[in-house]
Amino acid sequence: MQALYPLAREKFLTAQINWSATGDDFLLVALDSTGAYLPTDEFRSDLVGVLGTATIPNPIPAGDGTADADDVVFTGLSYGDLVEAIVICRDTGLDSTDDLIYYADTQTDGTDIARYSDGVNPITFVWSATTARIFRI
């Protein structure tokens, strides 16, 4: 499943979220199996099963209504952590105001996103180089 949070769509339309290199900062949140997509969730504090966060480098609009960015490298995950889903949120510095934007538990080709951490090597999330990119508004 891949989905935009409904409240994020509204925030994009009212210029409360600016996906660009000179705009807002964004985080990728790793979730375990207890994390789930709930369309009524709005902020990072609403999420359960958070394993960690990583900064999304160089967010840019791809020019066709899609969001793109550099790949994200997760470090600091514990041995045996299983990342079952990811969430993108706008980073305000407080989890109680970090806007949820996008949820995925599958990759753009439909395969599971699940990845185990060995506690040593980082886990890299590589965004699609196709027209799908990360997500479409």
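Preceding this section is the structure that the text describes.
Residues numbered from 1 in each chain as written. Predicted model: local features only at pLDDT ≥ 70, side-chain atom pairs only at ≥ 80, totals over all residues. Heavy atoms only, no water.

Another aspect to go through is the pattern of salt bridges. Applying the stated criterion across every chain, the model contains 6 salt bridges. The partner of aspartate 99 in a salt bridge is lysine 11, with the nearest N and O atoms 2.4 Å apart. You can see aspartate 99 sitting in the loop between β8 (85–91) and β9 (100–104) and its partner lysine 11 sitting in helix α1 (residues 6–13), a full 88 residues away along the chain. Taken as a pair, aspartate 99 and lysine 11 share a single burial class, namely buried. (Salt bridge = Lys/Arg side-chain N within 4 Å of Asp/Glu carboxyl O. Helix = DSSP H or I, 4+ residues; strand = E, 2+ residues; numbered from the N terminus. Buried < 20%, exposed > 50% of the residue type's maximum accessible area, 1.4 Å probe, protein only.)

Along α1, the residues that are buried comprise Ala8, Lys11 and Phe12. All buried residues of α1 project into a common sector of 100 degrees when viewed along the axis, lining one side. Considering only its buried residues, α1 is in contact with β9 and β12 (135–136). Where α1 terminates, the next one or two residues include alanine 15, which has phi positive at roughly 60 degrees. (Arc of directions from axis to C-beta. Contact = heavy atoms within 4.5 Å.)

Okay, the side chain of arginine 44 next. Its location among the elements puts arginine 44 in the loop between β2 (25–31) and β3 (50–55). Taking relative accessible area as the criterion, arginine 44 reaches 18% and is therefore assigned buried. Sequence-distant contacts of arginine 44, that is, excluding residues within four places in its chain, are made with Leu27, Val29, Thr53, Cys89, Leu94, Asp95, Asp98 and Leu100.

What follows is about the packing of aromatic side chains. Under the criterion given, the structure shown has 7 aromatic pairs. An angle of 45 degrees between the planes, with centres 4.4 Å apart, marks the rings of tryptophan 19 and phenylalanine 26 as tilted. We classify phenylalanine 26 as buried; its relative accessible area is 1%. An aromatic cluster is built from Phe12, Trp19, Phe26, Tyr102 and Phe135, whose rings are joined through pairwise contacts. (Phe/Tyr/Trp six-rings, centres within 6.5 Å; stacked < 30°, edge-to-face > 60°.)

As summarised here, the arrangement of the 5 strands in space is β1-β9-β8-β2-β3, forming an open sheet in which the pairing is antiparallel. Single-partner strands in this sheet number two, and they are β1 (2–4) and β3. Averaged over neighbouring strand pairs, the angle between their axes works out to 20 degrees when direction is ignored. Pairing between β8 and β9: 4 bridges, direction antiparallel. Bridge pairing in β9 links isoleucine 86 to alanine 104. (Pairing = 2+ DSSP bridges. Axes fitted to C-alpha atoms, helices over the stretch in contact; angles between N-to-C directions.)

A few words now on the sheet that holds strand β4 (residues 60–61). Think of a sheet as strands paired side by side through backbone hydrogen bonds, with each pair either parallel or antiparallel. As summarised here, the arrangement of the 3 strands in space is β4-β5-β12, forming an open sheet in which the pairing is antiparallel. Edge positions in the open sheet fall to β4 and β12, since each of these has one partner strand only.

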